Amino acid sequence: MPSLFRRKPADLVEESVTPVTTDEDSSAARPRGYTPAKGRETPKRPGAGRRPAGPAKPLTKEEAREQRRTARAESAAEFRREGGPRDRGPERLLARNVVDSRRTVGTWFFGGALIVLLGSNQAMPPIVRLLSNVLWGALALGVVIDSVLIARKIKKLVRERFPKSTERLGSLYFYAIMRSITFRKMRAPAPRVNVGDKI
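Our subject in this report is the structure included herewith. (Residues numbered from 1 in each chain as written. Predicted model: local features only at pLDDT ≥ 70, side-chain atom pairs only at ≥ 80, totals over all residues. Heavy atoms only, no water.)

## With respect to the pattern of salt bridges
So, step 1. Evaluated as defined, the whole model comprises four salt bridges.
So, step 2. The shortest N-O distance in the salt bridge between E167 and R92 comes to 2.9 Å. Within this pair, whereas E167 is found in the loop between α6 (126-161) and α7 (169-180), its partner R92 is found in helix α4 (residues 90-100), the two being separated by 75 residues in sequence.
So, step 3. Residue D100 pairs with R187 through a salt bridge whose shortest N-O separation is 2.8 Å. Highlighted residues: D100 in helix α4 and R187 in the segment after α7, separated in sequence by 87 residues.
So, step 4. Salt bridges here are not isolated pairs; linked through shared partners, they connect D100, R179 and R187. (Salt bridge = Lys/Arg side-chain N within 4 Å of Asp/Glu carboxyl O. Helix = DSSP H or I, 4+ residues; strand = E, 2+ residues; numbered from the N terminus.)

## Thoughts on the packing of α6 against α7
So, step 1. Packing of α6 against α7 leaves a shortest axis separation of 10 Å and a crossing angle of 130 degrees. One element, α6, and the other, α7, form an angle in the oblique class. Crossing angle aside, the handedness with which α6 passes α7 is right-handed. Contacts between α6 and α7 pair S147, I150, A151, I154, K155, V158 and R159 from the former with L169, L172, Y173, A176, I177 and S180 from the latter.
So, step 2. Considered class by class, the residues forming the contact of α6 with α7 number nine nonpolar, two polar and two charged. (Axes fitted to C-alpha atoms, helices over the stretch in contact; angles between N-to-C directions. Parallel < 35°, antiparallel > 145°, perpendicular 65-115°, else oblique. Left-handed = near helix turned anticlockwise from the far one by under 90°. Contact = heavy atoms within 4.5 Å. Nonpolar A, V, L, I, M, F, W, Y, C, P; charged D, E, K, R; others polar.)

## Overview of a nonpolar patch on the surface
So, step 1. Residues M124, I127, V128, L130, L131 and V134 make up a contiguous nonpolar surface patch of roughly 530 Å² in combined accessible area.
So, step 2. Its place among the elements puts I127 in helix α6. (Patch = residues over 30% accessible without salt bridge, like charges linked within 9 Å, V, L, I, M, F, W, Y side chains within 5 Å. Areas by Shrake-Rupley, 256 points an atom, 1.4 Å probe, with all protein chains shown as cover.)

## Side note on the packing of helix α5 (residues 109-119) against α6
So, step 1. Their axes nearest at 8 Å, the elements α5 and α6 cross at an angle of 155 degrees. Taken together, α5 and α6 sit at an angle that is classed as roughly antiparallel. Pair α5 / α6 crosses with left-handed handedness. When α5 is examined against α6, the residues F109, G112, A113, I115, V116 and G119 are found in contact with a partner set consisting of V128, R129, S132, L135, W136, L139 and V143.
So, step 2. When grouped by side-chain class, the residues that make up the contact of α5 with α6 number nine nonpolar, three polar and one charged.

## Thoughts on unusual backbone geometry
So, step 1. In this chain, A188 is followed by P189 through a cis amide linkage whose omega measures -5 degrees.
So, step 2. Of note, P189 is situated in the segment after α7.

In structure tokens, the structure reads:
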């Protein structure tokens with residue numbers, strides 16, 4: 001007589017097959033701050049896209065010197081092209097363009113000062129010393145007049161184009177005058193306009 005409590009063959013097959021969870025499934029189901037128990041291997045992060053950390057080859061003295069020289073040259077070229085923090089702002093650009101669009105007496109100031117220094121030597125004849133002093137006075141007067149003209153033009157253009165500007169005009173004048181007494185090829189940032197261009 002068959003037993004009433006006997007299991008069917010299909011039930012035995014279902015019990016023998018248990019679901020197997022992979023490491024990916026179990027790691028996805030774990031909470032974020034999960035720490036594995038002792039004796040179990042810590043799950044490794046996927047290494048896709050990582051560069052193998054190879055030993056860095058030490059640079060020789062010549063290579064390090066060349067690297068420093070290249071970095072300095074790039075930094076100087078960038079400063080020559082873009083300038084520094086004090087050169088930022090549309091008002092500063094306008095002041096630079098005003099100075100660069102004209103010939104200034106200040107560019108001749110240092111050359112004239114050297115001539116005056118040599119001509120005012122006591123070993124020189126009196127007429128040479130007199131001419132040196134006259135030249136010095138003329139250069140100084142020319143720089144003053146030129147600086148006043150530059151400041152007036154900058155003031156006019158800034159008020160026209162930037163009526164809400166918070167830039168101090170005194171600082172802007174000094175910035176432009178210092179640029180006007182610098183040789184054109186030595187100015188940084190480099191001039192963006194030619195002499196005679198309309199600003």
